[in-house]
Amino acid sequence: MSELLPNPLNLQALLGLAWLALAAGVLSLILLAGRRIGRRLNLRLWGVPEALVAGLIGLLVAPSGALPLLPEHVMELWGGLPLVLLTLVFGSLMLGKPLPKLGGLWRPVSGQVSLALVLAFGQYVVGGLAVLLVLQPWLGVSPVMACLIEVAYEGGHGSAAAMGPSYAALGFPGGQDLGLAMATVGLLSSTLVGGVVVVVGRQRGWLLAQNQPASAPGATPLAGSATESSAPSQPAWAAWAAWAVNLALVGIAVLIGVGLLALLRLGTDAIGGGVAEVGRSLPVFPLAIVGSLLVRWLLERSGNSRWASAPIQSEIGTLSADLLITSATACLNLALLAADWLPLTVLAVAGLTWNLAVTLLLAPRLLPADWFERAVLEFGQATGVAASGLLLLRMADPDDHSQALPAFSLKQLLLQPFLAGGVVTVVAPLAVAGWGLPTWTGFCLALVLLAGGGGLLLAQAGRNTEPTAAHP
């Protein structure tokens, strides 16, 4: 008789799958609604991501929202999604892009790398100074709060959500919600403030197209960036097969990242001490990009790079990022944000001021003739997301006169594993807790001076071979 009774474990598993399907279905519907509203209002023209609109809808119907329709368990499931989705974004990041040739790689991107390093480590500097000089004496905040500018502006919603457990373990449980709020501020500021910067740059004559005769577009689009509309039509089964292959490639890249993380933790556990703590705290997503690079390299070496479709990989990354922003925004703790609005405002303004100052004062002395296009692209990425930077680049350089996009893409390839959600983002709060905030801030200041000074020396050395640029 007992064999006829349902197994409680099976019922629990089925119930868990049902809840997961409900959470995924509702999240997809909310994202679809946000995209439809965004397209109807042409929000992309204003630089407002449709996923952010979807997140606000989710926040409205969350249990703590004005129209509480969603059960609490759905929000708990959404709260665990950002780390998974960010890993998918990193796993797909390099699969659709041909690997660059190593010969002559450094010269075209040295200024771009220097600028990115100054922006990123400078965010730690201004965050540290704001906490040490203002927020700790007045409000007694956690020193780990100094990491929020970089994790939110450089890393975005995914990194802010993924770092939440690390912040909580270091005695800063509100770090995730504050980081997500900062990321939202950065996302809006990157396009709205960046749009004003482009208008000013056009009025001041800083754009490359204003300083050279009309000619054919000079920039070469990234290989593999052709849109699906330019590809020949194919039957539905072939399209589904291509999606299955590309999803499998992303899965392989993520599995490689998981394996590398396991090996890394074995090595750090053997060393022990603070190194072991870093290894245990490191999530998988920074290593997923290594898996992505390795899979791409194997495809190119075997002559099968056609398997990785640039449009499909881009769509996988875009959809994952949109779902990430939607779920992360919907899970914001509004009560905490209302209580901590003052430190949030101080850090947001400090980070935005630093990014603007570096973009307008250092970039023209660090970069070649198309300095403004390169700088505004970097500003958009360092304040919001890469898509914000690309939007600003299209505003400043609609006819592709500059070499900003290839240089930016190579810079991303070199620095993405370390900054903007990479190893440095993960290690920073541990360094603040272990070394102390003054030491970490001083260390980052030294890196800013080294990167900026080295970039200026390289720019000076190559100035005789570069066209003259307009300077502010």
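Residues numbered from 1 in each chain as written. Predicted model: local features only at pLDDT ≥ 70, side-chain atom pairs only at ≥ 80, totals over all residues. Heavy atoms only, no water.

Draft legend 1. Examining the overall build of the chain more closely. In terms of helices and strands, the chain carries 20 helices and zero strands. Out of the 472 residues belonging to the chain, those deemed buried represent 49%. Contacts in the chain between residues far apart in sequence, at least 24 positions, make up 79% of those at least 6 positions apart. Summed over its atoms, the accessible surface of the chain is roughly 21,900 Å², and 70% of this surface lies on carbon and sulfur atoms. (Helix = DSSP H or I, 4+ residues; strand = E, 2+ residues; numbered from the N terminus. Buried < 20%, exposed > 50% of the residue type's maximum accessible area, 1.4 Å probe, protein only. Contact = heavy atoms within 4.5 Å. Areas by Shrake-Rupley, 256 points an atom, 1.4 Å probe, with all protein chains shown as cover.)

Draft legend 2. Representation of the packing of helix H15 (residues 341-366) against helix H16 (residues 371-383) within the structure. At a minimum axis separation of 10 Å, H15 and H16 run at an interaxial angle of 160°. In this view, H15 runs roughly antiparallel relative to H16, as classed from their interaxial angle. In this structure, H15 meets H16 at a crossing whose hand is right-handed. Residues Leu352, Asn355, Leu356, Thr359, Ala363 and Pro364 of H15 form the contact with H16, whose participating residues are Trp371, Ala375, Phe379, Ala382 and Thr383. Of the residues belonging to the contact of H15 with H16, the class tally is eight nonpolar, three polar and no charged. (Axes fitted to C-alpha atoms, helices over the stretch in contact; angles between N-to-C directions. Parallel < 35°, antiparallel > 145°, perpendicular 65-115°, else oblique. Left-handed = near helix turned anticlockwise from the far one by under 90°. Nonpolar A, V, L, I, M, F, W, Y, C, P; charged D, E, K, R; others polar.)

Draft legend 3. Fine view of the pattern of salt bridges. Counting across every chain of the model gives four salt bridges. The closest approach of N and O atoms between Arg35 and Asp322, which form a salt bridge, is 2.7 Å. With Arg35 in helix H1 (residues 8-40) and Asp322 in helix H13 (residues 310-330), the pair connects residues that are 287 residues apart, well separated along the chain. Residues Arg35 and Asp322 agree in their burial class; the two are buried. (Salt bridge = Lys/Arg side-chain N within 4 Å of Asp/Glu carboxyl O.)

Draft legend 4. Geometry of the packing of helix H10 (residues 236-271) against H13. At a closest axis distance of 10 Å, the pairing of H10 and H13 adopts a crossing angle of 60°. With respect to H13, the axis of H10 lies oblique. Read as a crossing pair, H10 and H13 show a hand that is right-handed. When H10 is examined against H13, the residues Ala242, Trp243, Asn246, Leu247 and Val250 are found in contact with a partner set consisting of Ile312, Gln313, Glu315 and Ile316. Of the residues contributing to the contact of H10 with H13, the split by class is six nonpolar, two polar and one charged.

Draft legend 5. Summary view of the packing of aromatic side chains. Taken as a whole and judged by the stated rule, the model has nine aromatic pairs. A centroid spacing of 6.4 Å and a plane angle of 45° characterise the contact between Phe121 and Tyr124, whose relative ring orientation is tilted. Linking Phe121 with Tyr124, this pair stays in helix H5 (residues 106-139), spanning three residues, or about one helical turn. Each member of the pair, Phe121 together with Tyr124, is buried. Plain terms: the ring middles of Trp435 and Phe443 are 5.6 Å apart, the flat faces sit at 85° to each other, and that makes the pair edge-to-face. Judged by its relative accessible area of 37%, Phe443 falls in the partly exposed class. Members of the aromatic cluster, connected to one another through ring pairs, are Phe121, Tyr124, Trp435, Trp440 and Phe443. (Phe/Tyr/Trp six-rings, centres within 6.5 Å; stacked < 30°, edge-to-face > 60°.)

Draft legend 6. Inspection of the side chain of Glu150 at higher detail. Inspection of the secondary structure puts Glu150 in helix H6 (residues 148-154). With sequence-adjacent residues up to four places away left out, Glu150 is seen in contact with Ala120, Gln123, Tyr124, Gly155, Leu419, Ala420 and Thr425.

Draft legend 7. Structural view of the side chain of Ser114. Tracing the backbone through its elements, the reader meets Ser114 in helix H5. Relative accessible area serves as the criterion here: at 6%, Ser114 is assigned to the buried category.

Draft legend 8. Summary view of the state of the cysteines. Counting across every chain of the model gives zero disulfides. Cys147 carries a free sulfur, and the closest cysteine sulfur to it, the one in Cys444, is 8.3 Å from it. A relative accessible area of 2% means that Cys147 is categorised as buried. (Disulfide = S-S within 2.5 Å.)

Draft legend 9. Region of the structure containing a nonpolar patch on the surface. On the surface, Leu11, Leu14, Leu17 and Leu20 cluster together into a nonpolar patch covering about 410 Å² of accessible area. In this fold, Leu20 is placed in helix H1. With a relative accessible area of 45%, Leu20 lands in the partly exposed category. (Patch = residues over 30% accessible without salt bridge, like charges linked within 9 Å, V, L, I, M, F, W, Y side chains within 5 Å.)

Draft legend 10. Quick peek at the nonpolar core. Met145 and Leu347 are the most contacted members of the largest nonpolar core, which totals 72 residues. Broken down by element, this core gets its largest block of residues, 14 residues, from H5. Met145 has contacts with Val131, Leu135, Phe172, Leu178, Pro343 and Leu347, leaving out every residue within four places of it along the chain. Core analysis: the next-biggest nonpolar cluster, separate from the first, contains 28 residues, Leu85, Met94, Leu323 and Ala330 among them. (Core = buried A, V, L, I, M, F, W, Y, C linked by side-chain atoms within 4.5 Å.)

Draft legend 11. Expanded view of the environment of Ile149. Note that Ile149 resides in helix H6. A relative accessible area of 0% places Ile149 in the buried class.

Draft legend 12. Looking closely at H10. When the terminal C-alpha atoms of H10 are compared, their 53 Å separation across 36 residues agrees well with the 52 Å that a helix rising 1.5 Å per residue should span. Burial in H10 covers these residues: Ala238, Asn246, Leu249, Val250, Ala253, Val254, Gly257, Leu261 and Thr268. One or two positions beyond H10, positive phi appears at Gly272, with a value near 80°. (Expected span 1.5 Å × (residues − 1).)

Purely geometric numbers; function is a separate question.
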